[in-house]
Amino acid sequence: MLTVALAALRTRWTTLIGTFVALALGVGLIATMGLGLASTFDAPVREPQRFAASRVVVMGDDTLTVPVRRGTSTAQVSQRLAHPHPVDSELLSDLRKLGPVTLAGRRATGSGGPDAVGVDTPVADVRRVVGDRAQVLTGDDRRRADPATEQDAEALLTVNALLGTAAGITAFVSVFVVASTFAFAVALRRREFGLLRTAGATPGQLRRLLLTEAAVVGTLASAAGCVLGRWGAPHLAHLLVDGGAAPSWFTIRPMAWPLHAAFWTGPAVALAGVWAASRRAGRTGPAEALREADVDTGVLPPVRRLLGFALLAGAAFLMTKSLVTDASGLLKRKTYTTQPMVLITAAALLAPLLVRPLTRLLRLPGATGMLVRANTAASLRRTAAVAAPVLITVALAGSVLGSAMTVSQSKAAEAREHTRADLVVTGEDLRGSAARPVPGATLSASASTAVFVREEDTALIRSQARAVDDAKTLAAVERLPVVAGDLRDLDDRSIVVNEEWEQHTVGATVRVWLGDGRPVSLRIAAVLAVGTGDNGAYVTAANAPTAPVDRIDVRLAPGADRAAVTAALRDTGGTVRPTDQWLAATHPRTSPQTRLGLIVVLGIALVYTALALANTLLMAGSVRSAELNALRLAGATRPQVLGVVAGETLFAVGLGAVLGMAVTAVNLAGLGAALATLSAPVTVTVQWPVVGATAGACAVVAVAAAMAPKAVRHG
């Protein structure tokens, strides 16, 4: 069987060249993403910078550790404090008795003391003096005192999420394209399989022939893809660093397991893609060798129809379940990037059902229009094979980009709805002058903090919070989405939470840990709607004494002199901006990291679509000589033949675009419903320029590939 498969590959290499390129590209991308992911897991240990010259570093406690339930036992879970403890003056005095103390680049902690100090004393003596009052760091652990450590960790987490999503998209699209290509290739070879059956080949032998071909192509493509991946990974690292998504020191580390995983993905994808086509080839009868008709029949067997409707029902179930149980989950990038895949697959499986009904609705003038309609209705497999990659690209462009923009604009609209402020003052520490009254204005000063709550005794949840000076001025300046209670009831013994908290009943007592780690029990004064996720908790300044005021919301009194108020506010040392300018700066349309992620995902889909379209249409054109010659003999001119081919191609591209927009509409409708469920502004956005450009690019590639074969050019 291997000999026959190799002979078939030598004869039909043009049929499988597109599949080889698609697989090689897929394996290359997976190898690239895998090497990038592995480099985030095993990042190099960087030398301490801030206290590089100190043998020992003493740093205030910066984590909160709480026991949680894990099955029948308990485990310690830690979260980073919003306000790390300083090295207090008493401890600093004791350390100075041991030897020289270094205050390298002192970082503010909000309470006046340094966050960390370097000590050139034997570590045993330092531990004896410090005890449990602070942390003692040695060796590489001294880097925890560097300001960049936490930023680097967050950046690596962003890179990890980006590359994981891109790898998932790559795997999905490659299987999708390879399966579609193999299915169409098998359909074109039905007469060849009929001859083999006439010569005595069994259905099992035909299946093994196709599976062997796929294994050979997959193995060769995997080898080429691994070479491509090793070349592309360093370029990807440079792209991530230049785009600000990764730390400046991020590089690809040489590791073997990502290449092994990528290599074996190639044959697995090839075999998975050809499996259904091989089953269909095994059912080919000897009579297929004598067939001359090109009308496709049986293109939607019961199994495909059942699977298509099952996936359609599954997509509806997943969206409904998310809306009922966790609507906020639909707003997460990982969800709105991956969830459309189920609906895309369902639409692709059921696409042949729509071809003939749509051709009956199509009204094109003249003989060319009649032939376009007739050929499209007769060639369902070709039409579906062209529509499938267009569907996936348009659907991803519309759903992913539209969802990202919808969430961003909803967040901005929500922030705009929640404030009555005319001016906003921002800065790192406005506490010194925040309390000064300004004639003609109401000022609400607040500080960024956090609270921690243990929910169901199994998880320690960190919730962003604002610490406000006065609840009454907060209620006057802000328009928060209160669903229960009253903001003005907030005092030093209470808290404002949102509906996402496990306990959110007004008057109930909830035990929390404050931003500096202190445990307190607070009464719930008011409850906010969940919204887009930015509606955090509120406490008073007494419950965040070390948090520096970083924002002052200002509401002007009727008739107040805006210029005079603005001049007075500049004394705070902060930046004074009108509310609209502040919103534009703090709620951008998309972040650079999000844009980079979207470019990667859409770029992968578009490249695969171009390959699939070119491969499918080149294969189709290579076997249309008899059909096109018959048209010429019937009196069709060369422009008319080219018009028929172009019309059929554009119809198939249009079908894929329509299905892609339908998938987009369903996904964005689900996102809009989630926003409405969360009491957030619904600002559904479709990126028409991007979707239109994507569909246009597909049309150009498809028509160019359809016109390329010799049978078409000289038909």
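Shown above is the structure to which this text applies.
Below: a short report on this structure. Position labels on residues start from 1 in each chain and follow its written sequence. With the structure being a predicted model, the display of local features is reserved for residues of pLDDT at least 70 and the display and counting of side-chain atom pairs for 80 or more, all residues being used for whole-chain, interface and lining totals. For the side-chain quantities, the full set of heavy atoms in the structure was used; hydrogens and water were omitted.

**Quick look at the overall build of the protein**
Phase 1: In DSSP terms, a helix is any run of H or I states spanning at least four residues, a strand is any run of E spanning at least two, and both are numbered starting from the N terminus. For the protein, the helix and strand inventory stands at 23 helices and 16 strands.
Phase 2: Type-normalised accessible area, obtained with a 1.4 Å probe on protein chains alone, sets the label of each residue: buried when under 20%, exposed when over 50%, and partly exposed for intermediate values. Buried residues in the protein amount to 50% of all 715 residues.
Phase 3: In what follows, a contact means two residues having at least one pair of non-hydrogen atoms within 4.5 Å. Restricting to contacts in the protein with at least 6 residues of sequence separation, those with at least 24 account for 81%.
Phase 4: The protein chains shown are the only cover counted for residues, whose accessible areas, like all others here, come from Shrake-Rupley with a 1.4 Å probe. Working note: accessible area of the protein is about 31,500 Å², and carbon and sulfur atoms make up 60% of it.

**Notes on the pairing of strand S13 (residues 519–528)**
Phase 1: The buried count for S13 comes to seven of ten residues, which makes it a mostly enclosed element.
Phase 2: In short, DSSP must find at least two bridges between two strands for them to pair. Taken together, the three bridges between strand S10 (residues 482–485) and S13 define a ladder with antiparallel strand orientation. Note that in S13 the partner of Val482 across the bridge is Leu528.
Phase 3: Bridge analysis of strand S11 (residues 494–498) against S13 gives five bridges, and the strand direction is parallel. In the sheet register, Ile495 faces S13, and the bridge partner there is Ile524.
Phase 4: Strand direction decides the pairing type here: strand S12 (residues 509–513) and S13, joined by five bridges, are antiparallel. Each bridged residue has a counterpart across the sheet, and for Trp513 the counterpart in S13 is Pro519.
Phase 5: Taken together, S12 and the strand that follows it, S13, pair antiparallel across an intervening segment of five residues, in which Gly517 is found at a positive phi of about 95°.

**Examining the environment of Gln503**
Phase 1: Along the chain, the position of Gln503 falls in the loop between S11 and S12.
Phase 2: Here the alpha-carbon distance between Gln503 and Glu455, two residues 48 residues apart in the chain, equals 8.5 Å.
Phase 3: The contact partners of Gln503, leaving out residues within four places of it in the chain, are Val497, Ala508 and Ile524.

**A word on helix H12 (residues 352–361)**
Phase 1: Those residues of H12 not exposed but buried are Pro352, Val355 and Thr359. One side of H12 holds all its buried residues, which, seen down the axis, span an arc of 20°. Residues of H12 that are exposed and point over 90 degrees away from its buried face: Arg360 and Leu361. It is the directions from the helix axis to the C-beta atoms that the arc portrays.

**Observations concerning unusual backbone geometry**
Phase 1: You will see that Asp457, though not glycine, has its phi angle at about 60°, which is positive.
Phase 2: Mapped onto the elements of the fold, Asp457 is located in the loop between strand S8 (441–455) and strand S9 (459–468).
Phase 3: In this model, Ser679 sits at a positive phi of 60°, which is unusual for a non-glycine residue.
Phase 4: Turning to its location among the elements, Ser679 is positioned in the loop between helix H21 (638–677) and helix H22 (688–707).

**What to know about the pattern of salt bridges**
Phase 1: Any Lys or Arg side-chain nitrogen found within 4 Å of a carboxyl oxygen on Asp or Glu counts as a salt bridge. All chains considered together, the criterion is met by 14 salt bridges.
Phase 2: Residue Asp491 pairs with Arg523 through a salt bridge whose shortest N-O separation is 3.5 Å. A residue pair is termed long-range when its members are at least 10 positions apart, and Asp491 in the loop between S10 and S11 and Arg523 in strand S13 qualify at 32 residues.
Phase 3: Classification of Asp491 by relative accessible area gives partly exposed; the value is 25%.
Phase 4: On the accessibility criterion, Arg523 (31% relative accessible area) is partly exposed.
Phase 5: Salt-bridge contacts for Asp553 lead to Arg551; the nearest nitrogen and oxygen are separated by 3.1 Å.
Phase 6: Taking relative accessible area as the criterion, Arg551 reaches 17% and is therefore assigned buried.
Phase 7: Linked by salt bridges that have partners in common, Asp62, Arg80 and Arg144 make up one network.

**Remarks on the sheet that holds strand S1 (residues 56–59)**
Phase 1: Pairing within the open sheet is antiparallel, and its four strands lie in the order S4-S5-S1-S6. The open sheet terminates on both sides in strands that have one partner only, identified here as strand S4 (101–102) and strand S6 (135–138).
Phase 2: With four bridges connecting them, S1 and strand S5 (residues 116–119) associate as antiparallel partners. Counted as the bridge partner of Val57 is Gly118 from S5.
Phase 3: Most of the contacts of helix H4 (residues 123–130) go to S6, to which it runs at about 165°, and overall it touches S1, S5 and S6. Axis definition: a line fit to C-alpha positions, over the contact stretch in the case of helices; interaxial angles, taken between N-to-C directions, run 0 to 180 degrees.

**Observations concerning the packing of helix H11 (residues 340–350) against H21**
Phase 1: Taken N-terminus to C-terminus, the directions of H11 and H21 make an angle of 145°; their axes are 10 Å apart at the nearest point. In terms of crossing hand, the pair formed by H11 and H21 is right-handed. Seen from H11, the contacting residues are Pro340, Leu343, Ile344 and Ala347; seen from H21, they are Leu659, Val663, Val666 and Asn667.
Phase 2: Each residue belonging to the contact of H11 with H21 can be placed in one class, and the counts come to seven nonpolar, one polar and no charged. Should the near helix be turned counterclockwise from the far one by less than a right angle, the crossing is left-handed, whereas a clockwise turn marks it as right-handed. Asp, Glu, Lys and Arg are counted as charged, while Ala, Val, Leu, Ile, Met, Phe, Trp, Tyr, Cys and Pro are counted as nonpolar; the rest, among them Gly, fall into the polar class.

**Considering the nonpolar core**
Phase 1: Here the nonpolar core consists of buried residues drawn from Ala, Val, Leu, Ile, Met, Phe, Trp, Tyr and Cys, with membership extended through side-chain atoms lying within 4.5 Å. Within the largest apolar cluster, 66 residues are counted, with the highest numbers of intra-cluster contacts made by Met33, Leu240, Ile344, Leu391 and Leu396.
Phase 2: Of all elements in the fold, only helix H2 (13–41), helix H5 (148–188), helix H7 (203–242), H11, helix H14 (380–417), helix H19 (592–622) and H21 reach the threshold of two or more residues within this core.
Phase 3: Sequence-distant contacts of Leu391, defined by excluding residues within four places in its chain, comprise Ile344, Ala347, Ala348, Gly656, Leu659, Gly660 and Val663.
Phase 4: Among the nonpolar cores identified, the runner-up in size contains 19 residues, and Ala467, Ile495, Leu522 and Ala547 belong to it.

**As for the packing of aromatic side chains**
Phase 1: For Phe, Tyr and Trp, rings pair up if their centres lie within 6.5 Å, where Trp contributes its six-membered ring, and each pair is then called stacked (planes under 30 degrees apart), edge-to-face (over 60) or tilted (otherwise). In the structure shown here, the tally under the stated rule is one aromatic pair.
Phase 2: Centre to centre, the rings of Phe263 and Trp264 are 5.1 Å apart; their planes meet at 90°, and the pair counts as edge-to-face.
Phase 3: The partly exposed category is assigned to Phe263, whose relative accessible area is 21%.
Phase 4: By relative accessible area, Trp264 is classed as exposed at 57%.

**Observations regarding the side chain of Arg551**
Phase 1: Turning to its location among the elements, Arg551 is positioned in strand S15 (residues 549–556).
Phase 2: Polar side-chain contacts of Arg551 include one of 3.1 Å to the side chain of Asp553. Here a polar contact means two N or O atoms within 3.5 Å. Within protein one must be a hydrogen donor candidate and the other an acceptor candidate, and residues neighboring in sequence count only if both atoms are side-chain atoms.

**Observations concerning the side chain of Gln687**
Phase 1: Along the chain, the position of Gln687 falls in the loop between H21 and H22.
Phase 2: Residue contacts for Gln687: discarding those within four places in its chain leaves Leu401 and Met405.

**Here we look at a nonpolar patch on the surface**
Phase 1: Exposure above 30% relative accessible area and the lack of any salt bridge qualify a residue for a patch; like charges then connect within 9 Å, and the nonpolar side chains Val, Leu, Ile, Met, Phe, Trp and Tyr within 5 Å. Nonpolar side chains collect at one region of the surface, where Phe309, Leu312, Leu353, Leu354, Leu358 and Leu361 lie side by side and expose about 510 Å² of accessible area between them.
Phase 2: Breaking the nonpolar patch down by element, the ones donating at least two residues are helix H9 (302–325) and H12.
Phase 3: Broken down by element, the residue count for the nonpolar patch peaks at four residues, all from H12.
Phase 4: Residue position: Leu361 is located in helix H12.
Phase 5: Taking relative accessible area as the criterion, Leu361 reaches 66% and is therefore assigned exposed.

**Notes on the environment of Leu353**
Phase 1: Within the secondary structure, Leu353 is located in helix H12.
Phase 2: Between the C-alpha atom of Leu353 and that of Ala384, which follows or precedes it by 31 residues, the distance is 9.6 Å.

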